[in-house]
Amino acid sequence: MQEVIKQKAIELLSSGKADRVLGWKEGEFFYDITPAVFTDVKEIEEKFVYNAFCGPNFSKYLVAESRKDGKIAVFLKPCDTYSFQQLLKEHRILRDKVYAVGIPCDGMVDIEKIRQKKIKGITGVTEAGEVLQIDTIYGKKEVAKKDVLAERCENCKSKKHVVYDELIGEEGDVLDSHRFDLVEKIEAMSEEERFAFWQNELSRCIRCNACRNVCPACTCEKCVFDNPASGIDQKAAADSFEEKMFHIIRAFHVAGRCTDCGECSRVCPQNIPLHLLNRKFIKDINEFYGEYQAGADMETRAPLTDYQTDDCEPSVILTKGDQ
Amino acid sequence: MQVEKNFEPTVVAFCCNWCSYAGADLSGNNRIQYPANVKIIRIPCSCRLNPMFILRAFQRGADGVILCGCHPGDCHYTSGNYFARRRMTLLFSMLSFLGIEKERCRVEWVSAAEGAKFAATMNDFVATITRLGENKKLEDLRCKK
Ligand code: SF4
Ligand code: SF4
Ligand code: SF4
Ligand code: FES
């Protein structure tokens, strides 16, 4: 697949259909893939990659990139197209400056999960169908790809590209995912257990703001977390609640717009399961205001910019048992 | 949670200017009693309530926070309270998800003519918060003496 996509990138650039190509290249380590803007064919030939570590979602880059001169071509995995469409809907991306190529994806691998299998000194990973062949300084190892998939790919919500100019491969389908299972499990805990669970998770946060920076829904030019007058810009939390406050506000600001792309959890250096907070909002929105998938279409109004006169009252929370 | 004998909760009531604030005024004019624990903060409309105001109030020492606005359909700006209703529902649900006592937050619709309802609501809310005891999970330790 990498070759097909690479050829497409070269074709787009040399035919003049695009002036720049947004793709992936290797970063510091082979599994540390970073986004890159390519402007010449030679560079693409040498550096362009598409493999099981190409997690980065390019949608957010297009906010700035589509405002530059010329046209940019971009490669989007199915879940990335939801973020892209959500941004189009919010008028954040200039559509006619972007040439979007939908590409197939069969799941991204989480290097941490390979390490958790006590595989050390990893020097390379090659995909061979369902298995990953891993080169280490201690010799070759093998793992099943499905055992080391990133959380968001384990619970992939859709293989369908919702918007593109051109598609490589076949049109996929919206999947039946189990992404709310863990949310339900936490809801079923007692209040004290929930408090302890989150205290444990959130107290690890180092306020690097990576989750905010990477989020395609977070595109405010002036963010509350950079505003010294907001009282929530601190890098170091002064007390245990301040940690929670950051997370509540971050998740709340993207509620109804979060496509569940999973980028926030992917980049968190502390492995905090941020997706659980986002999914709690998504699940509640589905329950209270009807099924809604951000980015799935251009027409439906986002749930928090809409209302029905007969919406439920906030007191439903009180009567929801112990949740 | 241990409830101290003479625990006096601090309750913050955000009241929209056009209905609930007037409702609070009316209850005062009619000399209907409600507890002095309630600190009223006037806001232009219930939808002015940024979720952060609630969290901030808790952080700085409130034991309970209540939002009062015009009845649905009666908002001075037509639809503010409908938006507020959705936001508060989601926020309260999230607080509960994080293990925070869900009874500490409430939304109540009080019109300018409902002085008695305002007082009754506050009496009931303060009683609930007194029963719950001090807010320990959301406080900022720096703000407590
Ligand atoms: S909050 Fe996380 S999952 Fe949701 S859109 Fe932002 S990065 Fe993606
Ligand atoms: S955290 Fe809130 S204010 Fe900051 S960029 Fe995201 S949505 Fe905007
Ligand atoms: S990425 Fe993780 S550690 Fe960094 S601010 Fe977000 S939650 Fe905290
Ligand atoms: S003015 Fe009272 S709720 Fe909008």
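Residues numbered from 1 in each chain as written. Chains lettered and ligands numbered in written order. Predicted model: local features only at pLDDT ≥ 70, side-chain atom pairs only at ≥ 80, totals over all residues. Heavy atoms only, no water.

Focus on helix α4 (residues 115-132) of chain B
Since the α-helix advances by 3.6 residues per turn, residues separated by three or four positions end up pointing in the same direction. All names here are of chain B. Here α4 contains 18 residues, and its C-alpha end-to-end distance of 26 Å stays within 8% of the 26 Å for a straight helix at 1.5 Å per residue. Looking at α4, one finds that the buried residues are G115, F118, A119, T121, M122, F125, V126, T128, I129 and L132. Its buried side turned inward, α4 meets β1 (11-16), α1 (20-29), β2 (38-43), β3 (64-69) and β4 (105-109). Two residues or fewer past α4, G133 is found with a positive phi of approximately 90°. (Helix = DSSP H or I, 4+ residues; strand = E, 2+ residues; numbered from the N terminus. Expected span 1.5 Å × (residues − 1). Buried < 20%, exposed > 50% of the residue type's maximum accessible area, 1.4 Å probe, protein only. Contact = heavy atoms within 4.5 Å.)

Some remarks on the interface of chain A and chain B
Chain A puts 47 residues into the contact, and the matching count from chain B is 36 residues. Along the contact surface separating chain A from chain B lie 4 salt bridges. A salt bridge links A:E192 to B:K137, with the shortest nitrogen-to-oxygen separation between them at 3.1 Å. Seen at the junction of chain A and chain B, the total is 14 residue pairs in polar contact (both at pLDDT 80 or more). Mapped onto the side of chain A that touches chain B, the elements with two or more residues apiece are α7 (181-187), α8 (191-202), α10 (240-253), α12 (274-289) and α13 (316-319) of chain A. It is α12(A) that contributes the most residues to the side of chain A that touches chain B, 8 residues altogether. (Salt bridge = Lys/Arg side-chain N within 4 Å of Asp/Glu carboxyl O. Polar contact = N/O pair within 3.5 Å; in protein donor to acceptor, adjacent residues only side chain to side chain.)

Here's the deal with the domain arrangement of chain A
Residue and element names in this part refer to chain A. What the domain assignment reports for chain A is domain 1 (1-108 + 158-177), domain 2 (111-148) and domain 3 (178-323). Measuring from the centre of the C-alpha atoms in domain 1 to the corresponding centre in domain 3 gives 27 Å. Contacts between the two partners involve 17 residues from domain 1, matched on the other side by 23 residues from domain 3. Taken over both partners, the interface formed by domain 1 and domain 3 buries close to 1700 Å², and the fraction arising from carbon and sulfur atoms is 49%. Our enumeration of links across domain 1 and domain 3 arrives at 1 salt bridge. E90 is the partner of R257 in a salt bridge, and the nearest nitrogen-oxygen pair spans 3.1 Å. (Domains from an automatic or database assignment. Buried area = accessible area lost by both parts, 1.4 Å probe.)

Overview of the pattern of salt bridges
All names here are of chain A. Here the structure, examined in full by the defined rule, presents 32 salt bridges over all chains. K280 is the partner of E187 in a salt bridge, and the nearest nitrogen-oxygen pair spans 2.8 Å. In this pair, E187 sits in helix α7 while K280 sits in helix α12, placing the two residues 93 residues apart along the sequence. Each member of the pair, E187 as well as K280, is classed as buried. Of the charged contacts, one joins R212 and D226 as a salt bridge, the two residues approaching to 3.0 Å between their closest N and O atoms. Separated by 14 residues along the polypeptide, R212 in helix α9 (residues 210-214) and D226 in the loop between α9 and α10 bring together distant segments of the chain. Judged by relative accessible area, which is 11%, R212 ranks as buried. With relative accessibility at 47%, the residue D226 sits in the partly exposed group. Three or more residues are tied together by salt bridges with common partners; here these are E187, K280, K283, D284 and E287.

Concerning the site of ligand 3
All names here are of chain A. By nearness alone, 14 residues border ligand 3, and C205, C208, N209, C211 and C268 come closest of all. Contributions of two or more residues to the shell around ligand 3 are made by α9 and α10. Tallied by class, residues from the shell around ligand 3 come to 10 nonpolar, 3 polar and 1 charged. (Near = heavy atom within 4 Å. Nonpolar A, V, L, I, M, F, W, Y, C, P; charged D, E, K, R; others polar.)

Points about the environment of A:R207
All names here are of chain A. Mapped onto the secondary structure, R207 falls in the loop between α8 and α9. Take R207: its relative accessible area is 7%, and that puts it in the buried class. As for R207 and D233, which are separated by 26 residues in sequence, their C-alpha atoms are 9.2 Å apart. If we ignore the near neighbours within four places in the chain, the residues touching R207 are F225, I232, D233, Q234, K235 and F246. A polar side-chain atom of R207 sits 3.1 Å from a polar atom in the side chain of N209. At 3.1 Å, the side chain of R207 and the backbone oxygen of I232 are in polar contact.

What to know about empty space enclosed by the protein
Residue and element names in this part refer to chain A. Under the counting rule described, the total for this entry stands at 5 cavities of 30 Å³ or more. The space that makes up the largest cavity amounts to roughly 180 Å³. Residue lining of the largest cavity: 18 residues in total, with C79, R152, C153, C156 and K157 positioned closest to the centre. Elements with a contribution of two residues or more to the lining of the largest cavity: α4 (78-89) and α6 (151-154). Looking at the lining of the largest cavity element by element, the count peaks at 3 residues for α4. Considering only residue class, the lining of the largest cavity consists of 8 nonpolar, 3 polar and 7 charged. A domain split of the lining of the largest cavity shows at least three residues from each of domain 1 (1-108 + 158-177) and domain 3 (178-323). Counted as a void, the second largest cavity has a volume near 160 Å³. Forming the walls of the second largest cavity are 19 residues, and the residues nearest its centre are C215, P216, C258, T259 and C261. (1 Å grid on protein atoms, 1.4 Å probe; cavity = no way out; pocket = protein on both sides within 12 Å on 5 of 7 lines; lining within 4 Å. Points joined across faces, edges and corners; volume = space filled by probe spheres on them.)

Quick notes on the sheet that holds strand β3 (residues 72-76) of chain A
All names here are of chain A. A sheet is described by the order of its strands in space; here 5 strands give the open sequence β2-β1-β3-β4-β8, paired in mixed fashion. Two strands in the sheet have a free side with no partner beyond their single neighbour: β2 (33-38) and β8 (166-167). Those strands touched by helix α1 (residues 2-14) are β1 (20-26), β2, β3, β4 (98-102) and β8, and its axis lies near 165° from that of β3. Against the sheet, α4 makes contact with β3 and β4, and its axis sits at roughly 130° relative to β3, the strand it touches most. (Pairing = 2+ DSSP bridges. Axes fitted to C-alpha atoms, helices over the stretch in contact; angles between N-to-C directions.)

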